[in-house]
Amino acid sequence: MIILAVDPGSEKCGLAVLSRTSCFFRQIVSNEDLFKSAESLVTEFGVKVIVMGDGTAMKSAWVILEKLGLELIKVNETNSTLEGRKKYFEEHPPRGLKRMLPEGMRVPGEAFDDYVAELIGRRYFEIFK
């Protein structure tokens, strides 16, 4: 089954399209572009379920995405930002002096909401084995 995972935020949302074994696509979009981007991904990848983190701006994103007519499921996103940051640095290791900073003090140079969305999707698959 292919899902669209969403990390809703106050200004932007992280999106990830994944199956139980693979992540096919990640993207960060503005809240204004959420519906159009989600609609396109649903069509392109044959998404069956939308999974959304239950934190910041979840209610407004829910209202937007329920118009797609797919099943929407809330997932607990406690600590997902910390885990997303860790995953980001696994794929983009710090260089130079930044390597010397303790992990908790490292800050990505770009938004990583898409990594958080992927983790939210993975949590869904852990819950619904």
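Residues numbered from 1 in each chain as written. Predicted model: local features only at pLDDT ≥ 70, side-chain atom pairs only at ≥ 80, totals over all residues. Heavy atoms only, no water.

S.K.: Could you clarify how one ought to interpret the side chain of S19 in this entry?
M.R.: Residue position: S19 is located in the loop between β2 (12-18) and β3 (23-30). When residues no more than four places from it in sequence are discounted, the contact partners of S19 are M1, I2, F24, R122 and F125. (Helix = DSSP H or I, 4+ residues; strand = E, 2+ residues; numbered from the N terminus. Contact = heavy atoms within 4.5 Å.)

S.K.: Help me understand the environment of E90 in this model?
M.R.: Of note, E90 is situated in helix α3 (residues 80-91). Judged by its relative accessible area of 55%, E90 is exposed. For the pair E90 and W62, spaced 28 residues apart in sequence, the C-alpha to C-alpha distance is 30 Å. (Buried < 20%, exposed > 50% of the residue type's maximum accessible area, 1.4 Å probe, protein only.)

S.K.: Which parts of the structure should I look at to understand the nonpolar core?
M.R.: For soluble globular proteins, the rule of thumb is that nonpolar side chains tend to be buried together. The biggest cluster of nonpolar side chains holds 19 residues, and the ones touching the most others in it are L4, V6, L15, L34, I50, M52 and L65. Counting only elements with at least two residues in this core, the list comes to β1 (3-7), β2, α1 (34-45), β4 (49-53) and α2 (58-65). In terms of nonpolar packing, the next biggest core, distinct from the first, is built from 17 residues, A5, A16, V49 and I73 among them. (Core = buried A, V, L, I, M, F, W, Y, C linked by side-chain atoms within 4.5 Å.)

S.K.: Explain the sheet that holds β3 here, please?
M.R.: The pairing of strands in a sheet happens through backbone hydrogen bonds and is either parallel or antiparallel. Overall, mixed pairing links the 5 strands, which are arranged β3-β2-β1-β4-β5 in an open sheet. The open sheet has two edge strands, β3 and β5 (71-75), and neither has a second partner. Pairwise comparison of adjacent strand axes, ignoring direction, gives a mean angle of 20° for this sheet. Two strands pair when backbone bridges link them, and β4 and β5 are joined in this way by 5 bridges, in the parallel orientation. Counterpart to V49 in the pairing with β5 is E71. Packing against the sheet, α1 makes contact with β1, β2 and β3, and its axis sits at approximately 165° to β3. (Pairing = 2+ DSSP bridges. Axes fitted to C-alpha atoms, helices over the stretch in contact; angles between N-to-C directions.)

S.K.: What is the right way to look at the layout of surface pockets in this model?
M.R.: Over the atoms, a rolling probe the size of a water molecule traces out where space has been left empty. Considered as a void within the structure, the largest pocket measures approximately 200 Å³ in volume. Around the largest pocket sit D7, P8, G9, S10, E11, K12, T56, E77, T81, F112, D113 and V116, which together line it. For the lining of the largest pocket, the residue count by class is 3 nonpolar, 4 polar and 5 charged. (1 Å grid on protein atoms, 1.4 Å probe; cavity = no way out; pocket = protein on both sides within 12 Å on 5 of 7 lines; lining within 4 Å. Points joined across faces, edges and corners; volume = space filled by probe spheres on them. Nonpolar A, V, L, I, M, F, W, Y, C, P; charged D, E, K, R; others polar.)

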